[in-house]
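Below, each chain spelled out in residue letters.
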Amino acid sequence: MNDMLKLRNEIDEVDKKLKELFEYRMDLVLKIAEYKKKNGIPVYDPAREEEKLSQLKNSLADKKNADAVVELFSQIMAISRRAQYAAINSADDLGFTAVDEFEAGDDTVIAYYGETGSFTEQAMLEYFDGKGKGIPMGTFEEVMEALKNNKADYGVLPIENSSTGTLSDIFDLLAEYDNYIIGEHVVAINHILWGLPDAELSDIKRVYSHRQGLLQCSNFLKKYPHWELVEGGSTAGAAKKVSMENDITQAAIASRRAGETYGLKILKPSIHNEEHNQTRFIIISNKRNYIRNAKRISICFVLPHKSGALYHMLSHFIHNNINLTKIESRPIKGQAFRYRFFIDFEGSLEDLEVKNALLSIKKEALEMKILGSYVPVPNSN
Ligand SMILES: C=C(O[C@@H]1C=C(C(=O)O)C=C[C@H]1O)C(=O)O
């Protein structure tokens with residue numbers, strides 16, 4: 001027998017013992033689960049886990065294995081928690097209810113950002129298949145308020161553009177309001193420069209649009225440095241303004257639907273920077289419901305201000321084998337250089353792995369909110 005074979009035989013012996021010990025440990029873990037269930041004790045006990053890890057680390061004969069031991073036992077404890085959640089079965093509730101579908105009929109009221117003809121209205125019409133009664137809202141916040149005050153059943157808001165990135169205001173509003181993401185929809189955005197029926201490109205002195213419209217067409221606008229760019233309202237609102245004010249020197253960047261709705265003329269088509277300009281919209285509700293088995297979840301959390309806090313938080317995703325699709329951070333109002341993290345990941349609120357990760361994060365974070373669970377648009381993020 002050669003040397004390696006001999007060593008491998010020894011490893012086999014060690015693994016056999018480890019396996020037996022692991023099975024023995026899991027039996028103990030399940031007995032503890034029984035006790036916790038009977039006495040209403042939560043599964044996750046971070047103080048106990050912290051104490052165990054430092055004890056194991058400090059008692060090592062050879063400190064070079066310290067990080068490996070922490071990693072190994074963090075995994076073992078995550079596996080143990082998962083087994084306990086399975087045994088106890090939803091004693092710790094995430095507070096969301098699964099439904100088979102979201103109903104939308106002719107009486108359903110949907111608050112959307114912008115005016116008739118806005119891209120958000122288009123997202124609403126496509127998502128709800130033309131059903132429901134859309135009510136336009138002048139600001140993102142008004143959409144949130146309409147849900148809060150039960151003036152609307154659903155809301156539709158833009159959240160991310162393929163060329164300009166996320167709309168940070170929406171993240172702040174999601175953290176602030178008790179409204180939840182129940183769906184998403186992606187719309188191809190084609191920006192057109194619109195003027196009055198008699199206007200020519202050479203007449204233009206001022207261009208109106210939403211901030212996003214101006215940003216997404218920045219390369220085209222750079223060619224006309226003498227134009228005054230005015231941001232405010234939605235793209236459709238800008239088209240309406242140009243039509244109403246009847247000034248030949250004014251133009252708007254807006255969608256085809258908006259320009260046609262307000263009787264304008266195309267001065268220049270397809271002026272956006274990126275050929276495949278797309279915006280992702282979210283559908284929101286004030287109820288904590290989600291489509292059963294929806295495979296995307298969004299959360300946000302605030303961490304204690306200490307080193308390694310984010311690393312530790314992310315380890316809950318790693319140890320539960322959860323794939324993150326997006327991470328963002330936003331400054332917390334009134335707290336200089338402190339951040340709230342926003343994470344999207346794959347999984348269903350019914351998965352034990354997801355439950356394990358979320359309940360652990362909830363326990364460790366200063367605050368944690370599940371922003372919703374929904375069916376993702378393929379390849380949207
Ligand atoms: C097994 C328990 O449940 C969880 C798992 C732990 C472990 O695997 O050692 C420790 C603490 C708890 O988070 C326990 O409470 O002891």
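Residues numbered from 1 in each chain as written. Predicted model: local features only at pLDDT ≥ 70, side-chain atom pairs only at ≥ 80, totals over all residues. Heavy atoms only, no water.

As recorded by an unreviewed UniProt entry, the chain carries the name Bifunctional chorismate mutase/prephenate dehydratase and is attributed to Herbinix hemicellulosilytica. Quoted verbatim from the Subcellular location (unreviewed entry) field of UniProt, the annotation for the chain is "Cytoplasm". (UniProt positions renumbered as here; feature names shortened; annotations may be inferred.)

A. Quick peek at the domain arrangement of the chain. Domain parsing of the chain yields domain 1 (1-92) and domain 2 (192-268). Distance from the C-alpha centre of domain 1 to the C-alpha centre of domain 2: 63 Å. (Domains from an automatic or database assignment.)

B. Geometry of the site of the ligand. Taken together, 13 residues surround the ligand, and among them Arg25, Lys36, Asp45, Glu49 and Gln84 come closest. Lysine 36 places a side-chain nitrogen or oxygen 2.7 Å from an oxygen atom of the ligand. At 3.3 Å from an oxygen atom of the ligand is found a side-chain nitrogen or oxygen belonging to serine 80. Isolated, the ligand exposes 360 Å² of accessible area, and the fraction of that covered by the protein chains is 93%. Among the detected pockets, the ligand sits in the second largest pocket. For the shell around the ligand, the secondary-structure elements that each account for two or more residues are helix H1 (3-39), helix H2 (46-58) and helix H3 (66-88). (Near = heavy atom within 4 Å. Polar contact = N/O pair within 3.5 Å; in protein donor to acceptor, adjacent residues only side chain to side chain. Areas by Shrake-Rupley, 256 points an atom, 1.4 Å probe, with all protein chains shown as cover. 1 Å grid on protein atoms, 1.4 Å probe; cavity = no way out; pocket = protein on both sides within 12 Å on 5 of 7 lines; lining within 4 Å. Sits in = over half its atoms within 2 Å of the grid points. Helix = DSSP H or I, 4+ residues; strand = E, 2+ residues; numbered from the N terminus.)

C. Structural detail: the layout of surface pockets. Its boundaries defined by the atoms lining it, the largest pocket holds a volume of some 800 Å³. If you go around the largest pocket, you meet 28 residues; those closest to its centre are Glu50, Leu53, Val70, Tyr311 and His312. Mapped by element, the contributors of at least two residues to the lining of the largest pocket are H2, H3 and helix H11 (309-319). In this structure, the second largest pocket spans a volume of roughly 640 Å³. In this structure, the second largest pocket is lined by 24 residues; those nearest its centre are Arg25, Val29, Lys52, Met77 and Ser80. (Points joined across faces, edges and corners; volume = space filled by probe spheres on them.)

D. Broad picture of the pairing of strand E16 (residues 339-346). Within E16, 6 of the 8 residues are buried, leaving the element largely enclosed by the surrounding structure. Of the pairings in the sheet, the one linking strand E14 (residues 296-302) to E16 comprises 7 bridges and is antiparallel in character. Bridging from a neighbouring strand, cysteine 300 pairs with phenylalanine 342 of E16. Bridge count between strand E15 (residues 324-331) and E16: 7 bridges; the pairing is antiparallel. From the neighbouring strand, arginine 330 faces E16, where its bridge partner is arginine 340. (Buried < 20%, exposed > 50% of the residue type's maximum accessible area, 1.4 Å probe, protein only. Pairing = 2+ DSSP bridges.)

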